[in-house]
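Take a look at the letters that make up each chain.
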2 protein chains.
Amino acid sequence: MSALPADALTDALADLVAALPDDVVVSDADRTEKYRWDRSQDPHAGTPLAVVRAQDAAQVQATVRWAAEHGVPVVPRGAGTGLSGGASALDGGIVLSLERMTAVEVDAECQVAFVEPGALNSAVKAAAAEHGLWYPPDPSSWDICSIGGNIATNAGGLCCVKYGVTSDYVLGLDVVLADGTLVTLGGPRIKDVAGLSLLELFVGSEGTLGVVTRAVLRLLPAQSAGATLVASFPTMTAAAEAVVAIRGQLRPSMLELMDGPSIRAVEDFRPMGLDTAAGALLVAQSDAPGAACAEEVDAMRRACESAGGSDVFVTTDPDEGELFVQARRLVVPAVEPLGELMLEDVGVPVPRLPQLVDAVAGIAERHDVLIPVVAHAGDGNTHPLIVVPRGDADARVRALAAFDEVMEAAIALGGTITGEHGVGRTKKAALPAQLGDDVMALTRRVKDALDPAGIFNPGAIL
Amino acid sequence: MSALPADALTDALADLVAALPDDVVVSDADRTEKYRWDRSQDPHAGTPLAVVRAQDAAQVQATVRWAAEHGVPVVPRGAGTGLSGGASALDGGIVLSLERMTAVEVDAECQVAFVEPGALNSAVKAAAAEHGLWYPPDPSSWDICSIGGNIATNAGGLCCVKYGVTSDYVLGLDVVLADGTLVTLGGPRIKDVAGLSLLELFVGSEGTLGVVTRAVLRLLPAQSAGATLVASFPTMTAAAEAVVAIRGQLRPSMLELMDGPSIRAVEDFRPMGLDTAAGALLVAQSDAPGAACAEEVDAMRRACESAGGSDVFVTTDPDEGELFVQARRLVVPAVEPLGELMLEDVGVPVPRLPQLVDAVAGIAERHDVLIPVVAHAGDGNTHPLIVVPRGDADARVRALAAFDEVMEAAIALGGTITGEHGVGRTKKAALPAQLGDDVMALTRRVKDALDPAGIFNPGAIL
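All figures in this text were calculated on a predicted structure; none of them were measured in a lab. The residue numbers shown here count from 1 along each chain, following its written sequence. Naming scheme: in the order in which they are written, chains are lettered from A and ligands are numbered from 1. pLDDT decides what is reported in this predicted model: residues at 70 or higher carry local features, side-chain atom pairs at 80 or more are listed and counted, and totals for whole chains, interfaces and linings draw on all residues regardless. Working from all heavy atoms in the structure, the side-chain values ignore hydrogens and water.

Asker: Can you tell me about the overall build of chain A, naming the residues and giving the values?
Answerer: Secondary structure elements are taken from DSSP: a helix is a run of H or I of four residues or more, a strand is a run of E of two residues or more, and numbering for both begins at the N terminus. In terms of helices and strands, chain A carries 16 helices and 18 strands. Two things to know: the radius of gyration comes from C-alpha atoms, and the globule rule equals 2.2 Å times the number of residues to the power 0.38. Over its C-alpha trace chain A gives a radius of gyration of 22 Å, about what one expects of a compact globule, namely 23 Å for 462 residues. Along the three orthogonal principal directions, the C-alpha set of chain A runs to about 70 × 60 × 45 Å. Exposure classes here rest on a 1.4 Å probe applied to the protein chains alone. A residue is buried below 20% of its type maximum, exposed above 50%, and partly exposed in between. Taking all 462 residues of chain A together, the buried fraction comes to 62%. When the accessible surface of chain A is summed, it comes to about 16,000 Å², and 51% of that surface belongs to carbon and sulfur atoms. Exposure was quantified through the Shrake-Rupley algorithm and a 1.4 Å probe, taking into account, for residues, occlusion by the shown protein chains and nothing else.

Here you go:
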């Protein structure tokens, strides 16, 4: 919160309102309300002084300069689909929304897109596709999440098992620093090692180091159509063994797992004939070109059968394949009716997936909490979905304990508390246990060097 | 240089000698001489106080603590194959050699290698291959360069057109900081967004932020055998057009160019029947699996022919293909007999390759300097090799002017002064023109936060 008394702050805000075009600064409670939370529904979210709905980099700069002058915290915000409270509003702070900065411009010859932070991931994919090109990163929320948020969290997704995460596609960034300076880092060059890796430092910084106002994103030639394989397993452990075996031989373009409770939740939510008796369902894709695709799928089938998989189904019909991918993506909405969700995204080295799955099952049982698990299994990245029946205060306490223990289990297995959602505010307490005091101190030193007054997203990560 | 007077420094060094095992600290001039230069033969390289040939992380820590206490600069050094003076010794400083830390341990299930910084790139490839795995990054110096140096420069290579650069394979680092603290960043996890991207900040930092004592490197399943295509072009411009067309459709695993002078130098150096009348030779590979490989090669052939290429030759014999790749790798040794080399590694957005090539030709003519050009063309990354006839002082002056102008030309085309060698000392003067004052100031802030006394590789980058 600002050091200024409330009256002085209100006067100061008038200066910002006057400096920006009409309706850029919004401070009516009924209009700012929806900017208080991201999708994590952080119960500690505050009430902002105002929301600035910036239209261009100059307005972002003006806002940051004003905030620096008055010591007002700034929470940058994209589409608000974050899952760890990284965009929770702060009492008396500014929410700096980038939702109106949505331009996407493709340079097909350079194979890059120049993108404003409020553009949706799906808009970049669509613009690239018009030129026969492809923007790979595909968080499950791809049709509602913004590129700015993707960059802030270094978002992953389903295809990153073969194609990498957001940082692999960020070639350049325009960033507004804590004093309002606008810097350009990188650009439409594939290889560039001139100077320190500052570009990379901003990717995944969750709005704590600067505000991205434009990104240069790398595009690839469009992906081959490929094939989809689905296999049932008696247990998640058996399915995880198949995952390790597949990864050792080849590079599938998708390698996802759903556990029994997830399968049944999806089937209840939208009946589509999934095997509700299965302990786990593996959904894999190969986009290898031509005949190699069938060879890859055959190798995956053999790996599944060797690990105890059955009912292996293969399709090269993209629509049919997409049905199974949708089933995987439907897990979160399908589980949501069962209660509020605390979404984890813990990860481990891939061979330790079975141990992590076992540990989560133990935690669920010990705390009497329902925890369906889906996983970007090929990357060792899992989503235990902790379900809190609505209005059950005792269940909430048990769920919070389970939330912490799942992170502890991941750390104990040499893993991470967050593979793609970010630390934000909901996972902050667990970060020191993963990183240790020395890395926390190093983090603090970098933060202080770039944002000495601490105006950017205070309370996130650190 | 240290603030201590020479006598006091000699006394202080005795403490370091006593603290470390026999023969770790070397200070005889005849033994330290070879540690003064990297491969750039920087004429401003100094004479070190001593060389510390560390055997483990604890010895690195002891050395850094001693250096911090006495204000002595530390230049970390791998195999000394750097091309931009990043490992030039400093008068009165310590050269911290990692050449004795060469352990490589592969965890095949996790698909990672735990590697000490002095291990050669080729040793990591060999260790991975024993498990059917592959470490992709392949600088042309792969059989003589160390992983520590690869990480320091974020080294590229030939296959990075499809498989990315060193940073894409660094999952974890142990780093000794400026106060001697040893931190572990990341680990054998494919996806991990817990905290700021500190790991990424150290990759490409050229020894200015810390000393890497261990890396966790990602491995992939072994690459398919593939096919090699070679095509002659009348001009580099025509060849560059073929490169742009190929990149737009597919992802070759190699896409290299040699210009006429490079071809002729190689053919003079080791006759192998190259077309010495050609203006450019394109060497491309596809590693697409199965029949898709032939399809990719056919598409590349058509793109070459459309752009004016001729004598298109294709082979699926790996040994025959390797001959052409060797021809490409031989350019530097083949040109070396013509004089001392100033190696550039400027890059531009790929469609601007023809303009860069034209600009370099103009610079060569204007300054009466021979500048053969080879290129990792698929990434827009070129190596103009400025030749300085030995003992010709006037030619040296002209070559230095050309060296600067090549970087200016790259910047003017929206490019970079260095795509893979690093800034070091030889390209430092040109860095502000590329990055601008604000990014230079940001760089300085990060450097000061991590190394406030400036003991790590002072004079490199900044």
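Asker: I'd love a proper account of the pattern of salt bridges, names of residues and values included.
Answerer: A carboxyl oxygen of Asp or Glu within 4 Å of a side-chain nitrogen of Lys or Arg is what we treat as a salt bridge. With the rule as written, the count across this model stands at 36 salt bridges over all chains. Taking the shortest distance from any N to any O, the salt bridge between Arg 328 of chain A and Glu 256 of chain A comes out at 2.7 Å. Taken as a pair, Arg 328 of chain A in helix α11 (residues 318-329) and Glu 256 of chain A in strand β13 (residues 254-259) lie far apart in primary sequence, 72 residues in all. Exposure remark for Glu 256 of chain A: the relative accessible area of 1% places this residue in the buried category. Of the charged contacts, one joins Arg 444 of chain B and Asp 448 of chain B as a salt bridge, the two residues approaching to 3.2 Å between their closest N and O atoms. With Arg 444 of chain B and Asp 448 of chain B both in helix α16 (residues 437-450), this residue pair falls four residues apart, about one helical turn. For Arg 444 of chain B, a relative accessible area of 37% translates into the label partly exposed. Salt bridges sharing common partners tie together Asp 23, Arg 31, Arg 53 and Glu 99 of chain A.

Asker: Which residues make up the interface of chain A and chain B, and what are the values?
Answerer: Note on contacts: a residue pair qualifies if any of its non-hydrogen atoms lie within 4.5 Å across the two residues. Facing the 78 residues of chain A at the interface are 78 residues of chain B. Counting the surface lost from both chain A and chain B, the interface buries some 6,100 Å², and carbon and sulfur atoms represent 62% of this. Once two parts are joined, some of their accessible surface, as seen by a 1.4 Å probe, is lost; buried area is that loss totalled over both. Considering only the surface of chain A that becomes buried against chain B, Lys 191, Val 193 and Leu 196 of chain A emerge as the three largest contributors, covering 14% of it. Summed over the shared surface of chain A and chain B, the result is two salt bridges. Note that Lys 191 of chain B is salt-bridged to Glu 420 of chain A, the shortest N-O span being 2.6 Å.

Asker: For the domain arrangement of chain A, give the residues involved together with the corresponding values.
Answerer: Residues and elements named next belong to chain A. Split into domains, chain A comes out as domain 1 (6-97), domain 2 (104-221) and domain 3 (224-337). Computed over C-alpha atoms only, the centres of domain 1 and domain 2 are separated by 23 Å. Taken residue by residue, the interface counts 12 residues in domain 1 and 15 residues in domain 2. Of the roughly 1,100 Å² buried between domain 1 and domain 2 on both sides combined, carbon and sulfur atoms contribute 67%. Domain extents, as shown, originate in an automatic or database domain assignment.

Asker: Can you lay out the side chain of Ser 84 of chain A for me, pointing to particular residues and giving the numbers?
Answerer: Residues and elements named next belong to chain A. Within the fold, Ser 84 resides in the loop between β3 (74-77) and β4 (94-97). On the basis of relative accessibility, which here comes to 3%, the residue Ser 84 falls in the buried class. Throughout this description, a polar contact denotes any pair of N or O atoms lying within 3.5 Å of each other; where both atoms belong to protein, one of them has to be capable of donating a hydrogen while the other can accept it, and for residues adjacent in sequence the pair is counted only when both atoms sit in side chains. Of the polar contacts made by the side chain of Ser 84, one reaches the backbone oxygen of His 421; its length is 3.3 Å. Beyond its immediate sequence surroundings of up to four residues, Ser 84 is in contact with Asp 38, Ser 40, His 421, Gly 422, Val 423, Gly 424, Arg 425 and Thr 426.

Asker: Lay out the sheet that holds strand β9 (residues 182-186) of chain A in plain terms, naming residues and giving numbers.
Answerer: All names here are of chain A. Strand order across the open sheet formed by five strands is β5-β6-β10-β8-β9, with antiparallel pairing between neighbours. Each edge of the open sheet carries a strand with a single partner, namely β5 (104-107) and β9. Averaged over neighbouring strand pairs, the angle between their axes works out to 15° when direction is ignored. Geometry is summarised by axes, namely lines fitted to C-alpha atoms with helices restricted to the contacting stretch, and by angles between N-to-C directions that run from 0 to 180 degrees. Along the sheet, helix α4 (residues 121-129) contacts β5, β6 (112-115) and β10 (211-218); its crossing angle with β5, the most-contacted strand, is approximately 35°. Strands qualify as paired when DSSP identifies two bridges or more between them.

Asker: Give a detailed account of helix α9 (residues 260-269) of chain A, specifying residues and quantitative values.
Answerer: When we look at burial in α9 of chain A, the residues that qualify are Gly 260, Ser 262, Ile 263, Ala 265, Val 266 and Glu 267 of chain A. On the buried face of α9 of chain A, the contacting elements are β13, β14 (280-286), α11, α12 (331-335) and β17 (373-376) of chain A.

Asker: Residue-level account of unusual backbone geometry, with values.
Answerer: All names here are of chain B. Although it is not a glycine, Asp 23 adopts a positive phi angle of roughly 70°. Tracing the sequence through the fold places Asp 23 in the loop between α1 (6-19) and β1 (25-26). With a relative accessible area of 39%, Asp 23 lands in the partly exposed category.

Asker: Can you tell me about the packing of helix α8 (residues 236-249) of chain B against helix α10 (residues 291-306) of chain B, naming the residues and giving the values?
Answerer: Residue and element names in this part refer to chain B. For the pair α8 and α10, the least separation of the axes is 8 Å and the interaxial angle reads 145°. Seen along the crossing, α8 lies across α10 with a hand that is right-handed. The residues of α10 that touch α8, namely those facing Ala 242, Ala 245, Ile 246 and Gln 249, are Ala 299, Met 300, Ala 303 and Cys 304. The nonpolar class holds Ala, Val, Leu, Ile, Met, Phe, Trp, Tyr, Cys and Pro. Asp, Glu, Lys and Arg form the charged class, and all remaining residues, Gly among them, are polar. Classifying every residue of the contact of α8 with α10 gives seven nonpolar, one polar and no charged. By definition, turning the near helix anticlockwise from the far helix through less than a right angle yields a left-handed crossing, and turning it clockwise yields a right-handed one.

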